[in-house]
Amino acid sequence: MPADGGIGASTRRREDVRFLTGKGQYTDDINIRGQAYVHFLRSDIAHGKINNIDTSDAENMPGVIRIFTSKDFEGVGGVPCGWQVTDRFGQPMQEPKHPVLAEGKVRHVGEPIAAVVAETREQARDAAEAIIVDIEELPAVIDMKAALQDGATKVHDDLTGNLCFDWGFVEENREAVDEAIRNAAHVTTLELTNNRLVANPMEPRVAIGDYDAARDEHTLYTTSQNPHVIRLLMGAFVLGIPENKLRVIAPDVGGGFGTKIFHYQEEAFCTFAAKAVNRPVKWTSSRSEAFMSDAHGRDHVTKIELALDENGKFLAVRTDTYANMGAYLSTFAPSVPTWLHGTLMAGNYTTPLVYVNVKAVFTNTVPVDAYRGAGRPEATFQLERVIDKAARELGIDPIELRRRNFIQPDQYPYATPVALEYDTGNYPATMDKLVEIADIKGFAARKAESESRGKKRGLGIAHYIEACGIAPSNLVGQLGARAGLYESATVRVNPTGGLVVMTGSHSHGQGHETTFPQVVAEMIGIDAGMVEIVHGDTANTPMGMGTYGSRSIAVGGSAIVRATEKIIAKARKIAAHLLEASDEDIELKDGQFTVKGTDKSVAWGDVCLAAYVPHNYPLEDLEPGLEETAFYDPANFVYPAGAYACEVEVDPETGKVEIMSFCAADDFGNIINPMIVEGQVHGGLAQGIGQALLEHCVYDENGQLVSGSYMDYAMPRADDLPSFVTDTSCQTPCTHNPLGVKGCGEAGAIGAPPAVVNAVVDALADMGVTHIDMPLTPARVWSAIQAAK
Amino acid sequence: MHNFDIEKPSSVSEAVAALAAEGAQALAGGQTLIPTMKQRLAAPEKLVLLSGIEELKGISASGGKLTIGAATTHAEVAADGSYPALSALAADIGDPAVRNRGTIGGSLANNDPSADYPAAVLASNAVVNTNKRAIAADDFFVGMFETALDEGEIITSVEFPLPEAASYQKIDQPASRFALVGVFVAKGANGWRVAVTGASNEGVFRWSAAEEALNGGGSLEGMAPDADGMIDDIHGSAAYRAHLVGVLTRRAVAAA
């Protein structure tokens, strides 16, 4: 292993030096000479017809450069959707136009109506307040089921109703599933809501458009998880700018959690306006704007039925879900409740029949799209909740019921009834590990001790699987993706042996600048400190798809491995020449090329120098230089899985829930940096617990965002969380990527919510409580206790 | 935030004079006013800073009374300890940044219906001193965000009679961590007083039925105030808040 840490070392995060000393370079830290500022006038009503926008007073306000409305965007495209779902009847989803600035109607609180570009931020805001908008308010469409009733107000007048699509999966199984449920010895039914969330990355979104008139070149600086995707979507579909004239830079980004995947109107606006006013144009979102303009997450309403035989074996699962799309289709919104959700409904179990129905609905709310886990938390929550309910109904221990239905270690590769093929896993092993680290045997004594203090104690178990490392391009193409999902890397070796890796992945908290060099250093046998990572700039990285879906190490890391393998292959030829031996006889170990069975060797650095100073070099057979690019398209998803246990104490008088312990036994396959993986698990668990206990994005019946600030939207804080117990010693390496790795970024957010809710329901089961919808606030828990009386 | 002027007087009389100007507004710790101005929900033309007035600061105890200067921060009250229930209350307001800036006078003058201090002042039968007069706690709190203070009148100090026993119990609103319901009980010369914050649309109030029960030797078991007039929002129904008042009162009496 390299002296400063190769694969498996808990190397400290090198990026933290700049992040923790205030030297990070975030988009808002960038200021371009002559830049102007934009303030968006946003709708304060949920649904209305725009009769008139009078900007005449505002235009004469101090500092105003230009005011834009939708009239300025005639001929400009709408913000595109990157995934087309086909419905149960073979028809494409309904896809409304998503204009840069509202056209004719406003459809959610926060939708931009006009944009003021001015010399200062305050002047832009002052002028925006002077714009007079005449809007005729229309009834707001908020409740999904009401939205689908005959005669409901339409969010989009040019569409047929508010149904985006009615998706069935696996459609051919529909009748067989119905039949199995009709005939089963036992059927457990659960109706639940997966609460709507706001991602709330620490850094709000920022965009700066810059236009070089002399070169006719556009640059967009933006807070993105995938700058190439933004360049493609915005350049090709919105503004009509070819890629050679458009550069997108996503520098240090302070957290994304999914909501920074998507292409937003503000990015297109700043790019467009920079040319229109011939000044750089900057927008920095306020936190209030973030609440009403960042894509939200989750928001499913589901009925799930689990059919079991007399021995507790799962026979079939049927679900009926309403998924909120919001007012427009955000970039990957249609994929979340469908392919990222329905395909997970087999879970870790041998259930032979599954049917998932999803009705995606337009409402007068902010668009909803992928949020940490994206579809997989929604699937896991339903499944792990209904299994827990079934266990209670049948009087079977919830761990035992799961064990009876686990896919067994000798069944891989395992083809599920919902299209996936799991390559590896060992769920009995992760459950065994959980039973050990969570001291399940000691629970009864802990419960008795809690009860002696007047508290109800509960134990909640969940076992999740996720399909991540997204995704085989040919497969997702068949499923409606309008993009490939490979990843890219260019490895450039410098003349004295140091390397620069230009990756298409994007780090916004994941620690790529630390882990990726560990991989390259391990392969070559040099110090990780000799490897630098470059990411986030379309001008100096190969076309990449970015970071989301726990894909960076599994897909981006694999591309780096492939490019490094090409480097090593070429370097071996150079070494063979220098050592006057044949390629096949050259071994690379610890940064030395050696002729097998001899002491003849040449160092990595000398080979690199020879490549760039090719005096003694096989120029007739080999190009000089040492730089290689690889694109890696995964053969399958990767399938991390894990067993989680949560213990809670509930105060039955107030309904307050306290998490006493949380244990996680995860199988992530091989691990590059255990410390970073543990940090990812901690973060995921915190977000999952936040969803389970605290976070809730609430609209009232008029479409006003009630939880529009931290005064009403509860984020998890350190003192809401226990000290986590994590274990990653169960490792079944992925069989189809070169590192044997799976993803770890979303796991905690997927597995935590059902574990927490199962624990609270367990605590209150003897009072008759069978379910409580998230978030389990004191008020909701107390109400559930009262309702059960 | 709109532009504004700043004046920083060094005495109460200078501050009173400065506040006589059109559009002037006193600024104590700024924990409510500054965010409100940033949201453009308030736009005073002039801020009169009270933080430079030495006579408004400090804590002193004598003759069974604790006197706290209006510009004393929550952190200073938390550290004092001569009225343990009051210090415990101050130690649980907001977060360290809020406690190091926010002041008792600012909190009382604002009279947020979910603020903690009003419950302590009302239950302790404290006296609010201003540049003009002494106002009994029972007369000071008029309604949500409303007090007996006149335009331009400045709180100078608060006098707490030290009680025989006292305790403050609260359940946090999960997001803001203001009191979803907070109950302060204090047993003074004239028996128990029970003051409730966070629960009512009218702001802090005394729960007289509980006081009667406590002072008459009755039991609080199963008691709760009427849910009518209680705050009903996404964090808790009126019925839940009324129930919590009963629970927290019993716990406060037990802990006092």
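Residues numbered from 1 in each chain as written. Chains lettered and ligands numbered in written order. Predicted model: local features only at pLDDT ≥ 70, side-chain atom pairs only at ≥ 80, totals over all residues.

A.B. asks: I'd love a proper account of the domain arrangement of chain A, names of residues and values included.
C.D. replies: All names here are of chain A. Assigned domains within chain A: domain 1 (31-138 + 202-255 + 260-293), domain 2 (300-471 + 636-788) and domain 3 (486-632). Between domain 1 and domain 3, the residue contacts involve 16 residues of the former and 14 residues of the latter. Taken together, the elements giving at least two residues each to the side of domain 1 that touches domain 3 come down to α6 (227-239) and β11 (246-249). No other element matches α6, which puts four residues into the side of domain 1 that touches domain 3. Of the residues belonging to the side of domain 1 that touches domain 3, the class tally is eight nonpolar, five polar and three charged. (Domains from an automatic or database assignment. Contact = placed C-beta atoms within 7 Å. Helix = DSSP H or I, 4+ residues; strand = E, 2+ residues; numbered from the N terminus. Nonpolar A, V, L, I, M, F, W, Y, C, P; charged D, E, K, R; others polar.)

A.B. asks: Before we move on, can you summarise the pairing of strand β18 (residues 456-465) of chain A with the specific residues and values?
C.D. replies: Residues and elements named next belong to chain A. Among the 10 residues in β18, 10 count as buried, and that is most of the element. Burial along β18 is two-sided: K456, G458, G460, A462 and Y464 facing one way and R457, L459, I461, H463 and I465 facing the other are all buried. The pairing of β18 with strand β26 (residues 641-650) spans 10 bridges and is classified as antiparallel. Among the inter-strand pairings, I465 is bridged to a residue of β26, identified as A641. (Buried ≥ 20, exposed ≤ 12 C-beta atoms within 10 Å, placed from the backbone. Pairing = 2+ DSSP bridges.)

A.B. asks: Break down α6(A) for me, citing the residues and quoting the values.
C.D. replies: All names here are of chain A. For α6, built from 13 residues, the straight-helix expectation of 18 Å at 1.5 Å per residue is missed by more than 12%, its first-to-last C-alpha distance being only 16 Å. The element α6 is extensively covered by neighbouring structure, given that 11 of its 13 residues are classed as buried. Inspection of α6 places P227, H228, V229, I230, R231, L232, L233, M234, G235, V238 and L239 among the buried residues, and these make up the whole buried set. Close packing links the buried residues of α6 with β10 (217-222), β11 and α7 (265-277). G240 sits one or two positions beyond α6 and adopts a positive phi of about 65°. (Expected span 1.5 Å × (residues − 1).)

A.B. asks: Mind laying out the sheet that holds strand β12 (residues 179-188) of chain B, listing which residues take part and the relevant values?
C.D. replies: All names here are of chain B. A sheet is described by the order of its strands in space; here four strands give the open sequence β11-β12-β13-β14, paired in antiparallel fashion. This sheet does not close on itself; its edge strands, each paired only once, are β11 (165-172) and β14 (205-206). Here β12 runs beside strand β13 (residues 191-197); their pairing, made up of seven bridges, is antiparallel. The residue of β13 that forms the bridge with A186 is R193.

A.B. asks: Residues and numbers for the domain arrangement of chain B, please.
C.D. replies: Residues and elements named next belong to chain B. On domain assignment, one finds that chain B holds domain 1 (5-49), domain 2 (57-161) and domain 3 (165-255). The C-alpha centroid of domain 2 is placed 19 Å from the C-alpha centroid of domain 1. Residue-level contacts link 11 residues of domain 1 with 14 residues of domain 2. The greatest single-element share of the side of domain 1 that touches domain 2, amounting to four residues, is contributed by helix α1 (residues 12-19). Considering only residue class, the side of domain 1 that touches domain 2 consists of seven nonpolar, four polar and no charged.

A.B. asks: Requested: an account of the interface of chain A and chain B, with residues and values cited.
C.D. replies: Contact with chain A, which involves 17 residues of that partner, is made by 11 residues of chain B. Split into classes, the residues belonging to the side of chain A that touches chain B amount to 10 nonpolar, four polar and three charged.

A.B. asks: How would you explain the packing of helix α17 (residues 674-693) of chain A against helix α18 (residues 747-764) of chain A if you had to name every residue and give the values?
C.D. replies: Residue and element names in this part refer to chain A. Orientation of α17 relative to α18, taken along the N-to-C sense of each, is 40°, at an axis distance of 7 Å. The angle between the axes of α17 and α18 places the two elements in the oblique class. Two packed elements cross with a definite hand, and for α17 against α18 that hand is right-handed. Contacts from V681, G683, G684, L685, Q687, G688, I689, Q691, A692 and L693 in α17 reach A747, G748, A749, G751, A752, P753, V756 and V757 in α18. Across the contact of α17 with α18, the residue classes tally to 11 nonpolar, seven polar and no charged. (Axes fitted to C-alpha atoms, helices over the stretch in contact; angles between N-to-C directions. Parallel < 35°, antiparallel > 145°, perpendicular 65-115°, else oblique. Left-handed = near helix turned anticlockwise from the far one by under 90°.)

A.B. asks: Tell me about the nonpolar core, and name the residues and values.
C.D. replies: If you look at the biggest cluster of nonpolar residues, it comprises 320 residues, and the most contacted ones within it are V38(A), V116(A), V760(A) and V196(B). Each residue touching V760(A), except ones within four places of it in the same chain, is listed here: G458(A), V648(A), V650(A), V657(A), I772(A), L776(A) and V781(A). (Core = buried A, V, L, I, M, F, W, Y, C linked by C-beta atoms within 7 Å.)

A.B. asks: An account of unusual backbone geometry is requested, with residue identities and associated values reported.
C.D. replies: Residue and element names in this part refer to chain A. A cis geometry characterises the amide bond from Y412 onward to P413, with omega recorded as -5°. Among the structural elements, P413 can be located in the loop between α10 (398-405) and β16 (414-415). Cis geometry is adopted by the peptide bond preceding P775, which originates at M774 and carries an omega value of -5°. A positive phi angle, near 45°, is found at A374, a position not held by glycine.

A.B. asks: Break down the sheet that holds strand β25 (residues 627-632) of chain A for me, citing the residues and quoting the values.
C.D. replies: Residues and elements named next belong to chain A. Read across the open sheet, the four strands follow the order β21-β20-β19-β25; overall the sheet is mixed. The sheet terminates laterally at β21 (531-534) and β25, the two strands that pair on one side only. Strand-to-strand twist in this sheet, taken as the mean axis angle between neighbours without regard to direction, amounts to 20°. One ladder, built from six bridges, connects strand β19 (residues 487-493) with β25; its direction is antiparallel. Following the sheet pairing, E487 is matched in β25 by Y632. Of the strands in this sheet, β20 (499-503) and β21 touch helix α14 (residues 512-524), which is tilted by about 130° from β21.

A.B. asks: Just give me the short version of the environment of E175(A), but keep the residues and values in it.
C.D. replies: As for its position among the elements, E175(A) is in helix α5 (residues 174-183). As a C-alpha pair, E175(A) and R12(A) span 163 residues in sequence and 54 Å in three-dimensional space.

A.B. asks: Account for the packing of α14(A) against helix α15 (residues 552-579) of chain A, with residues named and values stated.
C.D. replies: All names here are of chain A. With their axes 10 Å apart at the nearest point, α14 and α15 run at an angle of 35° to one another. Classified by chirality, the crossing of α15 by α14 is right-handed. Two secondary-structure elements touch here, α14 through H512, T515, F516, V519, V520, M523 and I524 and α15 through S552, I553, G557, I560, V561, T564 and I568. Within the contact of α14 with α15, the residues separate by chemical class into nine nonpolar, five polar and no charged.

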